[in-house]
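# Summary of the model geometry
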Amino acid sequence: MRSLFIILLISAGAILVSCDSNQQSGYLANKKGAKKESATKSLEKVNRYMVNAENKEIDDYIRRHRWKMKTTGSGLRYEIYKEGNGPTIKKGDVVSLKYGLFLINGAMVYSSDKLGLKTFEVGHGGVETGLEEAMLFLHKGDKAHLILPSHLAYGLNGDGKNIPKRSTVIYNIEVIDVK
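Treat the numbers as computed from the prediction; the structure is a model and nothing was measured.

Moving on: a nonpolar patch on the surface. Where nonpolar side chains cluster on the molecular surface, the patch consists of Val46, Tyr49 and Met50 and spans about 320 Å² of accessible area. Note that valine 46 resides in helix 2 (residues 21-65).

Shown next, in the form of structure tokens:
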């Protein structure tokens, strides 16, 4: 049975090669291109649906909590609910944060009370993209709510521990130190 399949496969290949190569190549390229374009459009449609659903969930959360949030071009939402009087944070600064990290359903997943302050160099990576971005809007002493859509948080895979895949996360932070 396997040898018959191999013979048929070789025969089909020989027939295709013996055909007018320009006409055949154009036909196959168009067919492959159409399939690829169709698959791409389908993925784009699904992605748009998922992003819209996540944005609706975030907007509902903000409305329920009556937060007055600003939205950046990337989709980060933030609200400074208590302003500090320290310097503005910039790239290269090392910041230390008190924080609570929550899922959009309200479940706390991590906190500085249990894990200690979160300390990192702004612009260096090692933390969520949305958290890095948010730092550039804050000052030492600020207290803020941050909502990170999944693409700015832990993405498609989650963190492999407490944060599920494609999760929106909410930070409640206080900027303790800026160096």
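Evaluated as defined, the whole model comprises seven salt bridges. A salt bridge links arginine 63 to aspartate 60, with the shortest nitrogen-to-oxygen separation between them at 2.5 Å. On the criterion of helical spacing, the pair formed by arginine 63 and aspartate 60 is a turn pair, its members being three residues apart in helix 2. Look at the salt bridges and you will find they share partners, linking Lys56, Asp60 and Arg63 into a network.

On to the pairing of strand 5 (residues 118-121), then. Of the two faces of strand 5, only one is covered, namely that formed by Lys118 and Phe120; the face formed by Thr119 and Glu121 stays uncovered. Bridge count for strand 3 (residues 94-103) against strand 5 is four bridges, and the pairing is antiparallel. The partner of valine 94 across the bridge, within strand 5, is glutamate 121.

In total, this model carries three aromatic pairs according to the counting rule given. Centroid distance tyrosine 78 to phenylalanine 137: 4.6 Å. Interplanar angle 20°. Geometry classified as stacked. With tyrosine 78 in strand 2 (residues 77-82) and phenylalanine 137 in the loop between helix 4 (129-135) and strand 6 (143-148), this residue pair connects regions lying 59 residues apart in the sequence.

Turning next to the layout of surface pockets. If you roll a probe as big as a water molecule over the atoms, it shows you where there is empty space left. Of the voids in this model, the largest pocket is the one considered here, and its volume is about 300 Å³. Contributing to the lining of the largest pocket are 14 residues, with Met50, Val51, Glu54, Ser150 and Arg166 lying nearest its centre. Residues of the lining of the largest pocket, tallied by class, amount to five nonpolar, six polar and three charged. The space that makes up the second largest pocket amounts to roughly 150 Å³. Taken together, 13 residues make up the lining of the second largest pocket; nearest its centre are Lys98, Tyr99, Gly100, Ser112 and Asn172.

Moving on to the environment of glutamate 174. Along the chain, glutamate 174 falls in strand 7 (residues 169-178). Exposure remark for glutamate 174: the relative accessible area of 23% places this residue in the partly exposed category. For glutamate 174 and tyrosine 99, which are 75 residues apart along the polypeptide, the C-alpha to C-alpha distance reads 6.5 Å.

Procedures and definitions
Residues numbered from 1 in each chain as written. Predicted model: local features only at pLDDT ≥ 70, side-chain atom pairs only at ≥ 80, totals over all residues. Heavy atoms only, no water. Patch = residues over 30% accessible without salt bridge, like charges linked within 9 Å, V, L, I, M, F, W, Y side chains within 5 Å. Areas by Shrake-Rupley, 256 points an atom, 1.4 Å probe, with all protein chains shown as cover. Salt bridge = Lys/Arg side-chain N within 4 Å of Asp/Glu carboxyl O. Helix = DSSP H or I, 4+ residues; strand = E, 2+ residues; numbered from the N terminus. Buried < 20%, exposed > 50% of the residue type's maximum accessible area, 1.4 Å probe, protein only. Pairing = 2+ DSSP bridges. Phe/Tyr/Trp six-rings, centres within 6.5 Å; stacked < 30°, edge-to-face > 60°. 1 Å grid on protein atoms, 1.4 Å probe; cavity = no way out; pocket = protein on both sides within 12 Å on 5 of 7 lines; lining within 4 Å. Points joined across faces, edges and corners; volume = space filled by probe spheres on them. Nonpolar A, V, L, I, M, F, W, Y, C, P; charged D, E, K, R; others polar.

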